[in-house]
Amino acid sequence: MEYKSIYIKTFGCQMNDRDSEALLGLFLDRGYIIATNPQEARVIFVNTCSVRKHAEDRAISFLGTLKKLYNEKPPVIGVIGCMAKYQGRRLIEKMPHLSIICSPSRLYHLPEYVEKVKNFGVKIIDTDDTQREEAFYESSFLLDKDHAQVVISTGCSNYCSYCVVPYVRGNLRLRKPQKIIEEVKRFIERGVKKITLLGQNVNDYVYKEENIDFVQLLEKIASIKEIKEIDFITSHPKNTSPRLFKVMAEYPNIKKHLHLPFQSGSDRILKLMNRGYTQKDYLLLVEDFYKIVEGSLSTDVIVGFPTERKKDFLKTKEVLEKVKFKYAYIFKYSPRPNTEAAKLTDDIPNSEKERRHKILLNLQKNISSLI
Ligand code: 5AD
Ligand code: SF4
């Protein structure tokens, strides 16, 4: 029998981390073992991110290093995740050592695709965008036995103008509340103490058939007494309300921390970004959060969005100064083909993006050190 071993290299966000973990589970359940490096693996997946060009460049450079493994007994190498969906067939054309290209929605089919590649030497490109099969989450394998990440929704229908997510992960799709709770309970039976609920915008979760929204789902899960800590990412300010804060304050096991990206402090830029709130709306929300939850906040910020002038940038700086985030991820704008913002000229020179990036990083470093 052939030695079955798998290696997954993951780039990108927590959603990708969880997808890689669930995928490892599927392969382990089919008799595979985890290889500690690509050289020892018969199946290699690279789970990719497309959120900024830099993320794609890193994955492409890693894929290049795998070429040397393509000897007389080559492993099956697949590109999966966001860049697989975004670049599709082009990847195989550029890198003939790849055998599989698979979008995030189609990961459940990978064990079957690997068999096809092994048995028939074919190449498989599946960039379909469908609702994920529930069976994708069937394995209870966890990389950290105390902490389970549970996907509540995939994709996003907000269409922030800079963002590639709706194009690579599709529109918002919800898992059934019952399926989510069943998965949580399966993990608890295995001794898990900490749960993180995952979605591109968790607060967008409204399961109409059963009249359950995110706040109610969170309450249901937080009521499970075996869970010692529960948190969730990511929250969009336009869907976040004091109702959520009240539930966060009420349940001792809900972590008193919220990741609440504001992206820009300038109302003009927020409008161009299609974010659906103003600086004032955001600051009022923060005020409610501090009053009701008495917790900490973190955020994401983009500098150098097209047409961002000095006064726009200063508005962003002002939000960092006022809110005092525990930590902040600060990004330089990177145009993503097909998005609305890509139609605007990327007119802020990289040197200026760098300068603004550095100013905010230094500012936040000082704030974080005082918290
Ligand atoms: N350029 C720079 N940063 C981006 N983000 C999303 N798209 C882009 C882009 N095109 C950032 C946002 C988001 C985080 C995950 O990545 O701040 O919240
Ligand atoms: Fe995650 Fe978005 Fe990157 Fe995809 S593009 S890996 S969803 S951050």
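The model shown is predicted, which means the values in this text are computed figures rather than measured ones.

**Examining the pattern of salt bridges**
Working step 1: Summed over the entire model, instances satisfying the criterion amount to 26 salt bridges.
Working step 2: Note that Glu56 and Arg336 form a salt bridge whose closest N and O atoms lie 3.6 Å from each other. Within this pair, whereas Glu56 is found in helix α2 (residues 53-65), its partner Arg336 is found in the loop between β16 (327-332) and α13 (350-370), the two being separated by 280 residues in sequence.
Working step 3: Overall, the relative accessible area of 6% leaves Glu56 in the buried class.
Working step 4: Here Arg336 falls in the buried class, since its relative accessible area comes to 3%.
Working step 5: If you follow the salt bridges from partner to partner, you end up with Arg18, Glu21, Glu134, Arg175 and Glu183 in one network.

**Notes on helix α8 (residues 214-222)**
Working step 1: Residues of α8 that are buried: Phe214, Val215, Leu217, Leu218, Ile221 and Ala222. Projected down its long axis, α8 carries its buried residues within an arc of 160°, all on one side.
Working step 2: Against the buried residues of α8 lie α7 (177-189), β10 (194-198), β12 (212-213), β13 (229-233) and α9 (242-250).
Working step 3: Here α8 starts with a cap whose side-chain oxygen sits 3.3 Å from the backbone nitrogen of Val215, and that cap is Asp213.

**Focus on the domain arrangement of the protein**
Working step 1: The domains assigned to the protein are domain 1 (5-126) and domain 2 (256-371).
Working step 2: Relative to domain 2, the C-alpha centre of domain 1 lies at a distance of 33 Å.
Working step 3: Each partner contributes residues to the interface: domain 1 has 6 residues there, and domain 2 has 6 residues.
Working step 4: Carbon and sulfur atoms supply 45% of the area buried between domain 1 and domain 2, which totals about 500 Å² over both sides.
Working step 5: Of all residues in domain 1, Arg52, Lys53 and Tyr86 bury the most surface against domain 2, accounting for 83% of the area lost on that side.
Working step 6: For the pair domain 1 and domain 2, the interface holds 1 salt bridge.
Working step 7: Connecting domain 1 to domain 2 are 3 residue pairs in polar contact (both at pLDDT 80 or more).
Working step 8: In the side of domain 1 that touches domain 2, the residues fall into 2 nonpolar, 1 polar and 3 charged.

**A closer look at the side chain of Asn201**
Working step 1: In this fold, Asn201 is placed in the loop between β10 and β11 (206-207).
Working step 2: Look at Asn201 and you get buried, because its relative accessible area is 3%.
Working step 3: Each residue touching Asn201, except ones within four places of it in the same chain, is listed here: Asn158, Thr234, Ser235, His236 and Asn239.

Definitions and limits used
Within any chain, residue numbers begin from 1 and follow the written order of that chain's sequence. Written order decides the labels, with chains lettered from A and ligands numbered from 1. At least 70 in pLDDT is required for a residue's local features to be given in this predicted model, at least 80 for side-chain atom pairs to be given and counted, and no such filter applies to totals for whole chains, interfaces and linings, which use all residues. As a convention, hydrogens and water are excluded, and side-chain values are obtained from all of the structure's heavy atoms. The rule for a salt bridge is simple: a side-chain nitrogen of Lys or Arg has to be within 4 Å of a carboxyl oxygen of Asp or Glu. Helix numbering and strand numbering both begin at the N terminus, where a helix is a DSSP run of H or I of at least 4 residues and a strand a DSSP run of E of at least 2. Burial classes follow relative accessibility: with a 1.4 Å probe on protein chains only, a residue under 20% of its type's maximum area counts as buried, one over 50% as exposed, and anything between as partly exposed. Note that the arc is defined by the directions from the helix axis to the C-beta atoms. Here, two residues are considered to be in contact whenever any of their heavy atoms come within 4.5 Å of each other. Distance and chemistry together define a polar contact, namely a pair of N or O atoms within 3.5 Å, with one atom able to donate a hydrogen and the other to accept it when in protein, and with adjacent residues in sequence counting only for side-chain atoms on both sides. Residue ranges labeled as domains rest on an automatic or database domain assignment. Here the quantity called buried area is the accessible surface, traced with a 1.4 Å probe, that two parts lose on coming together, added over both. The classification used treats Ala, Val, Leu, Ile, Met, Phe, Trp, Tyr, Cys and Pro as nonpolar, Asp, Glu, Lys and Arg as charged, and all other residues, Gly among them, as polar.

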